[in-house]
Amino acid sequence: MKDKISGFDGLRVYAITMILACHNGFLANTSGGIGNKIFFSLSGFLVYYSLINMKGIKDVIYYYYKRFLRIVRLFWTVIMIVWRMLPGFFSFSDMDSPNSLILNLLFLNNYGHLWFMQHLMLMYLIAPLLILMHNFIKGALNKLGLSEIISGYINGAFFMGLGVLEKSFLTPDVFSMSGEGTHRQFQIWMFLIGFGSAIIGETLKKVSFINEHDGFFKIVTNIYVFLFILILTISVIPSIHDAGKLMILRSEYLRTILSCIIYVMFVLIGDTFIAKVLDNPIFLKLSELSFGIYIWHFFFLPYFRTGNLFHDFIVNYFVSVCFALFTYLVIEKWAIGLIKNSVNKYIERKNEETVYYCR
């Protein structure tokens, strides 16, 4: 697979825009749910590609190392800046509530929108286990004499079904995470559905019919992605949402599956017109800042409450982008450079080991 999948950057921007529109009251509350579904399921989808070539404990440690440099370091930096510069959000002496600085830094009880981080960290923690499960199932199915394509479908369906079971049975009274002043159901089900859809996407790449009708599927992808964005956006316009129209699109399962279909299409079909539109230079830069935008924006909400929802949304978005750009240049860009350098050294070291063992 290519290092970068066309269209994914634009989807991240759409997701973060839906979340900010929700938190600023510009769109209905379910718009935030749309953004979260995309973020979580896309994370699961991409984790498959990050770890599929995992060979041993060194690869797992290296995976965690990259996540710490890029995500945890930025998160901790923003929390510490907010604690020192914006009063009322975090307290060092508090060791119980979502306002606890220590509990937020340890992902044990998070403030407001930061509940997202608890679930994301736990998902990344268990991600290598999912790859081990995938490899075990793949090996078992191969021993049964099933074809590679059938095995891929079963493997992918297993993880997607596991996600459905998690949401159905791992309810807050069974297992929950403290955040936003309440006990939230673990959101791994979206991660699992995204992970399973990546397996199915890779399997579909081996189907000759899709490769032979590439032009047709490009048209289908363009139409599908355009309608997905258009209809989901219309469904969260307050007047339409409050009137109870397009109720079917409020289904969490449906929105997650619809999102995963896009990921699979972009992997299968490659460069399409809609993917190029989503990969425009502005979206590419905003995508790089999306994680920072998400972390920063909630802390500025109390400062931009004028009553004009569109105005508040635009101002909050702009200020969040500015602060995200600052932390990107100071924290993330350095981390990305360090990761790239370490990746190159890691690959060189593995190549040297391969040459040595082949002698």
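Just above sits the structure.
Residues numbered from 1 in each chain as written. Predicted model: local features only at pLDDT ≥ 70, side-chain atom pairs only at ≥ 80, totals over all residues. Heavy atoms only, no water.

S.K.: Break down the nonpolar core for me, citing the residues and quoting the values.
M.R.: Among the nonpolar cores identified, the biggest contains 108 residues, and Phe 45, Phe 90, Met 117, Tyr 263, Phe 266, Ile 293 and Phe 299 are the most heavily contacted of them. Of all the elements, helix α5 (residues 115–143) adds the most residues to this core, at 12 residues. With residues up to four places along the chain from it excluded, the contact list for Met 117 reads Ile 71, Phe 75, Phe 107 and Phe 291. (Core = buried A, V, L, I, M, F, W, Y, C linked by side-chain atoms within 4.5 Å. Buried < 20%, exposed > 50% of the residue type's maximum accessible area, 1.4 Å probe, protein only. Helix = DSSP H or I, 4+ residues; strand = E, 2+ residues; numbered from the N terminus. Contact = heavy atoms within 4.5 Å.)

S.K.: Which residues make up the pattern of salt bridges, and what values go with them?
M.R.: All told, the structure shown has 7 salt bridges when counted by the stated rule. Note that Lys 206 is salt-bridged to Glu 148, the shortest N-O span being 2.6 Å. Here the residue Lys 206 occupies a position in the loop between α7 (188–204) and α8 (208–212), and Glu 148 occupies one in helix α6 (residues 148–169), the gap between them amounting to 58 residues. Judged by its relative accessible area of 46%, Glu 148 falls in the partly exposed class. A salt bridge links Lys 218 to Asp 214, with the nearest nitrogen and oxygen atoms 3.7 Å apart. Note that Lys 218 and Asp 214 are positioned in helix α9 (residues 214–235) at a spacing of 4 residues, about one turn of the helix. Owing to a relative accessible area of 30%, Lys 218 belongs among the partly exposed residues under this scheme. (Salt bridge = Lys/Arg side-chain N within 4 Å of Asp/Glu carboxyl O.)

S.K.: Residues and numbers for the layout of surface pockets, please.
M.R.: Taken as a whole, the second largest pocket spans an internal volume of roughly 330 Å³. Together, 22 residues line the second largest pocket, and Gly 32, Gly 33, Asn 36, Trp 115 and Arg 184 are the ones closest to its centre. Breaking the lining of the second largest pocket down by element, the ones donating at least two residues are α1 (8–23), α2 (30–51), β2 (182–185), α7, α11 (252–269) and α13 (281–300). With 5 residues, the top contributor of residues to the lining of the second largest pocket is α2. (1 Å grid on protein atoms, 1.4 Å probe; cavity = no way out; pocket = protein on both sides within 12 Å on 5 of 7 lines; lining within 4 Å. Points joined across faces, edges and corners; volume = space filled by probe spheres on them.)

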